[in-house]
Amino acid sequence: MSRFKVAVLGCGSIAKHRHIPEFAANPNVELVAFCDIVLERAKAYAAQYGGRAYADYRELLAAEKPDAVSICLPNHLHAPASIAAAEAGAHVLVEKPMAGSREEAEAMIEAARKHGVYLMVAHNQRLMPPHVKAKEILASGILGRVLSFRTSFGHPGPEGWSVDGRNSWFFDKQRAIMGAMGDLGVHKSDLIRWLLDDEVAEVSAFISTLHKESTDVDDNAICILRMRSGAIGTLVASWTYYRGEDNSTVLWCENGVMKIGTDPRDQVIVELKNGETQRYSVGEIATNEKQTVSGIIDEFVNCLVTKTPPRISGEEGLKSLNVILAAFESQATGRTIRL
Ligand SMILES: NC(=O)c1ccc[n+]([C@@H]2O[C@H](COP(=O)([O-])OP(=O)(O)OC[C@H]3O[C@@H](n4cnc5c(N)ncnc54)[C@H](O)[C@@H]3O)[C@@H](O)[C@H]2O)c1
């Protein structure tokens with residue numbers, strides 16, 4: 001079988017740590033092109049993996065006609081690049097947050113539908129082994145219903161992550177649209193929707209820029225969520241956890257509690273009301289420092305190989321984005337927002 005021709009748009013940190021190596025390791029993929037506005041970055045990957053380098057993604061799409069693209073660009077380019085790729089007949093894997101607004105996300109979904117291509121959002125938290133295990137335990141029914149929860153993602157900020165360090169687009173509202181909420185919060189809105197198999201019904205939020213200098217994007221957010229089931233909980237995103245990075249979720253349920261990512265050795269711990277404790281060592285939750293294979297690329301390629309629409313679809317990405325957009329609306333209006 002011939003391999004899928006894939007192009008990577010944006011050759012910064014996420015492309016370097018996950019997309020490019022994971023595509024390169026997939027036998028069904030041929031990396032044919034790389035694009036970065038800093039052409040040298042694209043050229044370096046083309047030299048390493050083969051394929052051609054471009055500074056302009058529209059030029060790449062016209063010249064290469066790839067079967068699929070990975071969009072690893074700054075947030076404000078997710079929608080225009082996804083739509084351009086769909087119009088060029090390419091399947092799209094887009095990084096999160098899928099877009100900066102509901103309208104943009106809907107236009108992406110519509111473009112994919114119209115041109116008969118897949119649109120998948122790289123919500124990789126769903127694929128992390130501790131989260132997969134947690135979902136399995138919830139489905140077993142042993143814990144009963146989830147009553148309340150907290151889910152949080154905090155690290156020291158993108159200056160230690162982005163290829164452009166302190167000068168990164170992550171700090172520029174024009175290009176980032178949102179800060180810690182778009183970077184980290186949307187991971188957790190997606191995770192909690194998926195884990196609980198439930199939708200967020202109401203959001204109330206405090207969102208601030210507390211400590212990062214010369215930026216107009218948020219670096220901290222604390223949100224209160226009410227799910228349709230009635231469960232209530234908090235969602236936290238922070239770029240100022242200078243020590244004590246946190247990527248954990250705790251679910252308090254009818255029959256006990258499940259702690260995910262609170263213990264470095266046993267990533268999932270179930271403590272039941274009857275005194276019994278179950279501990280699972282299933283592999284780590286990826287962090288900026290500790291990169292693990294995300295699995296998101298293999299899942300995307302598998303959709304192409306098996307002609308199966310992605311489960312982490314544009315529609316799913318939009319629902320997770322809507323929670324974050326509602327949180328900003330709550331911050332702006334001082335009101336609780338119903339979804
Ligand atoms: N799924 C995850 O866990 C995860 C983790 C980190 C980042 N991300 C997402 O990945 C995306 C990229 O983030 P990153 O961390 O790689 O950022 P980065 O700053 O490291 O890299 C961005 C790259 O895009 C390039 N670029 C900027 N404008 C361009 C343009 N017009 N055309 C071509 N290239 C352009 C930059 O030169 C840079 O090389 C973001 O949307 C981010 O939210 C996802």
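Here the structure is a predicted model, which means the values were calculated and not measured.

Cut-offs used in this document
Residues numbered from 1 in each chain as written. Predicted model: local features only at pLDDT ≥ 70, side-chain atom pairs only at ≥ 80, totals over all residues. Helix = DSSP H or I, 4+ residues; strand = E, 2+ residues; numbered from the N terminus. Rg over C-alpha atoms; globule rule 2.2 N^0.38 Å. Buried ≥ 20, exposed ≤ 12 C-beta atoms within 10 Å, placed from the backbone. Contact = placed C-beta atoms within 7 Å. Pairing = 2+ DSSP bridges. Axes fitted to C-alpha atoms, helices over the stretch in contact; angles between N-to-C directions. Near = placed C-beta within 6 Å. Nonpolar A, V, L, I, M, F, W, Y, C, P; charged D, E, K, R; others polar. Domains from an automatic or database assignment.

Participant: Which residues make up the overall build of the chain, and what values do they have?
Facilitator: Scanning the chain from N- to C-terminus turns up ten helices and 15 strands. Computed over C-alpha atoms, the radius of gyration of the chain comes to 20 Å, within 12% of the 20 Å expected from 2.2 N^0.38 for 339 residues, which places it in the range of a compact globule. Projected onto the principal axes, the alpha-carbon positions of the chain cover approximately 60 × 45 × 40 Å. Counting over 339 residues, the chain shows a buried share of 50%. A fraction of 68% describes how many contacts in the chain between residues 6 or more apart in sequence connect residues 24 or more apart.

Participant: An account of the sheet that holds strand E4 (residues 68–71) is needed here, citing residue identities and associated values.
Facilitator: Spatial ordering of the open sheet is given by E3-E2-E1-E4-E5-E6, a layout of six strands whose pairing is parallel. One side of each edge strand has no neighbouring strand; the edge strands of this open sheet are strand E3 (52–54) and strand E6 (119–121). The sheet shows a mean angle of 20 degrees between the axes of neighbouring strands, direction not considered. As judged from the six bridges shared by strand E1 (residues 4–9) and strand E2 (residues 29–35), these two strands associate in the parallel manner. By the bridge assignment, Leu-9 is partnered in E2 with Cys-35. Packed onto the sheet, helix H1 (residues 13–24) meets E1, E2 and E4 and runs at close to 170 degrees relative to E1.

Participant: So what's going on with the site of the ligand? Residues and values would help.
Facilitator: With respect to spatial proximity, 28 residues lie near the ligand, and among them Gly-12, Ser-13, Ile-14, Glu-95 and Ser-162 are the closest. At three residues, the largest contribution of residues to the shell around the ligand is made by H1. Residue composition of the shell around the ligand, by class: 15 nonpolar, seven polar and six charged. There are two domains that each give the shell around the ligand at least three residues, and those are domain 1 (4–121) and domain 2 (125–290 + 321–338).

Participant: Go over the domain arrangement of the chain, please, and point to the residues and values.
Facilitator: Taken domain by domain, the chain comprises domain 1 (4–121) and domain 2 (125–290 + 321–338). Broken down by class, the residue content of the side of domain 1 that touches domain 2 amounts to five nonpolar, five polar and two charged.

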